[in-house]
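The primary structure of each chain is shown beneath.
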Amino acid sequence: MKLEGTTLDIYQVTDELGRGGMGAVYRATSTADGPAGPAGTEVAIKALHAELGAQERQVARFEREGEIGQALAHPNVVRTYAAGVAEVEGAPCHYMVLEYVEGQTLDDLQDELGVVPDHLLYLIGDQALAGLQAIHEHGVIHRDIKPENIVITTSHKVLIMDLGIARMTTQGHTLTESGEFVGSLHYAAPEQLDTEAEIGEPCDLY
């Protein structure tokens with residue numbers, strides 16, 4: 001499913017920015033005043049892949065990501081302004097409206113510089129920890145903190161993004177099946193590899 005040229009609620013989709021296992025991200029512009037700001041505000045649209053839209057568990061996970069994101073408002077966490085479902089090409093399209101951020105990920109910065117200078121590491125670490133603290137204060141465990149999920153803007157503002165596998169610590173259940181690993185293997189804390197272990201805030205700090 002391609003969304004370029006379509007309108008989702010008040011958001012006119014222009015071009016695709018990238019895609020991953022769960023969905024694709026597009027640039028869009030609001031055509032009226034809304035939660036992201038006045039008409040003309042540039043946003044990012046994250047849309048669930050059409051084939052996953054028929055899987056109840058994947059839809060529930062996507063909807064939970066939107067719910068968690070909308071509850072968080074911090075300068076070092078990418079904002080989630082809204083979430084919804086629209087019909088595109090005769091099929092339901094589950095989407096989220098996100099803050100549009102221009103910059104590069106920490107992973108890209110590492111590739112560019114080889115070794116990130118100490119003063120820049122301190123700046124990135126300080127702001128990333130501030131964002132992570134806000135996430136934890138909302139009772140959320142991110143579970144996928146890695147260089148690809150930390151973005152640095154051109155003005156050196158640092159934001160944490162992608163709450164796709166985040167979970168609420170207050171929930172008595174999880175959408176992860178028993179024995180299933182979630183996260184990124186190279187950056188996962190040891191307890192994330194133990195299906196019987198309790199996953200808490202320390203796994204995000206690992």
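These notes cover the structure that comes with them. Per chain, residues are indexed from 1 in the order of the written sequence. For a predicted model such as this one, the threshold for reporting local features is a pLDDT of at least 70, and the threshold for listing and counting side-chain atom pairs is 80 or more; totals across whole chains, interfaces and linings nevertheless cover every residue. With hydrogens and water stripped out, all remaining heavy atoms of the structure feed into the side-chain values.

1. A closer look at a negative patch on the surface
Right, so step 1: Residues D108, D111, E112 and E148 make up a contiguous surface patch of negative charge.
Right, so step 2: Each residue is placed in one exposure class: buried if its accessible area under a 1.4 Å probe, protein chains only, is under 20% of its type's maximum, exposed if it is over 50%, and partly exposed if it falls in between. The class of D108 is partly exposed, set by a relative accessible area of 38%. Residues with no salt bridge and a relative accessible area higher than 30% make up the patches, which join like charges within 9 Å and nonpolar side chains (Val, Leu, Ile, Met, Phe, Trp, Tyr) within 5 Å. Working definition of accessibility: Shrake-Rupley area with a 1.4 Å probe, residue cover restricted to the visible protein chains. A carboxyl oxygen of Asp or Glu within 4 Å of a side-chain nitrogen of Lys or Arg is what we treat as a salt bridge. Neither His nor the chain termini are counted; the positive set is Lys and Arg, and the negative set is Asp and Glu. Charge placement uses NZ in Lys and CZ in Arg. For Asp and Glu, CG and CD serve respectively.

2. A look at the environment of Q12
Right, so step 1: Under the scheme used here, helices are H or I runs from DSSP no shorter than 4 residues and strands are E runs no shorter than 2 residues, and both carry numbers assigned from the N terminus. Relative to the elements of secondary structure, Q12 occurs in strand β2 (residues 11–19).
Right, so step 2: The spatial distance from the C-alpha of Q12 to the C-alpha of R27 is 8.6 Å, given a sequence separation of 15 residues.
Right, so step 3: Note on contacts: a residue pair qualifies if any of its non-hydrogen atoms lie within 4.5 Å across the two residues. Residues in contact with Q12, not counting those within four places in the same chain, are G5, T6, T7, R27, A28, T29 and T31.
Right, so step 4: Pairing of N or O atoms within 3.5 Å defines a polar contact, subject to two protein rules: one partner must be a possible hydrogen donor and the other a possible acceptor, and residues neighboring in sequence count only if both atoms are side-chain atoms. A distance of 3.2 Å separates a polar atom in the side chain of Q12 from the backbone oxygen of G5.

3. Here's the deal with the nonpolar core
Right, so step 1: Counting residues in hydrophobic clusters, the biggest one holds 19 residues, and the most contacted among them are L3, L8, Y11, I45 and V97.
Right, so step 2: Broken down by secondary-structure element, the contributors of at least two residues to this core are β2, β3 (23–30), β4 (42–48), β5 (80–88) and β6 (91–99).
Right, so step 3: Of all the elements, β5 adds the most residues to this core, at 4 residues.
Right, so step 4: In this view, Y11 contacts T6, A28, T29, S30, P35, A36, V43, I45 and V97; residues no more than four positions away in its chain are not counted.
Right, so step 5: Nonpolar core, defined: a set of buried Ala, Val, Leu, Ile, Met, Phe, Trp, Tyr and Cys residues in which side-chain atoms within 4.5 Å join the residues together. If you look at the next biggest cluster of nonpolar residues, it comprises 10 residues, including I68, V77, V140 and A166.

4. Thoughts on the layout of surface pockets
Right, so step 1: Taken as a whole, the largest pocket encloses approximately 1000 Å³ of empty space.
Right, so step 2: Two kinds of site are reported from a 1 Å grid over the protein atoms alone, namely cavities, where a 1.4 Å probe fits but cannot get out, and pockets, open sets with protein on both sides within 12 Å along at least five of seven lines, and residues are called lining when an atom falls within 4 Å of a point. In terms of lining residues, the largest pocket is bounded by 39 residues, among which V25, K46, N149, M161 and D162 are the most central.
Right, so step 3: Counting residues per element, the ones that place at least two in the lining of the largest pocket are β2, β3, β4, α1 (56–71), β6 and β7 (103–105).
Right, so step 4: Residues belonging to the lining of the largest pocket are distributed by class as follows: 15 nonpolar, 12 polar and 12 charged. Grid points are joined across faces, edges and corners, and a volume is the space filled by probe spheres set on the points. Ten residues, namely Ala, Val, Leu, Ile, Met, Phe, Trp, Tyr, Cys and Pro, are considered nonpolar, four, namely Asp, Glu, Lys and Arg, are considered charged, and the remaining ones, Gly among them, are considered polar.

5. Details of the sheet that holds β6
Right, so step 1: Reading across from one edge, β1-β2-β3-β4-β6-β5 is the order of the 6 strands in this open sheet, with antiparallel pairing throughout. For this open sheet the edge positions go to β1 (7–8) and β5, each flanked by a neighbour on one side alone.
Right, so step 2: Across 2 bridges, β1 lies against β2 in antiparallel orientation. Across the sheet, residue T7 finds its bridge partner in β2, namely Q12.
Right, so step 3: To obtain an axis, a line is fitted to C-alpha atoms, over the contacting stretch when the element is a helix, and the angle between two such axes runs from 0 to 180 degrees between their N-to-C directions. Packed onto the sheet, α1 meets β4, β5 and β6 and runs at close to 25 degrees relative to β6. For two strands to be treated as a pair, DSSP must find at least two bridges joining them.

6. Some points on the pattern of salt bridges
Right, so step 1: Tallying each qualifying case throughout the model produces 7 salt bridges.
Right, so step 2: Of the charged contacts, one joins K46 and E65 as a salt bridge, the two residues approaching to 2.8 Å between their closest N and O atoms. Of the two residues, K46 is situated in strand β4 and E65 in helix α1; the sequence distance between them amounts to 19 residues. With respect to burial, K46 and E65 carry one shared label: buried.
Right, so step 3: Here the residues in one salt-bridge network are K2, E16 and R19, joined through shared partners.

Just geometry here; none of it tells us what the structure is for.
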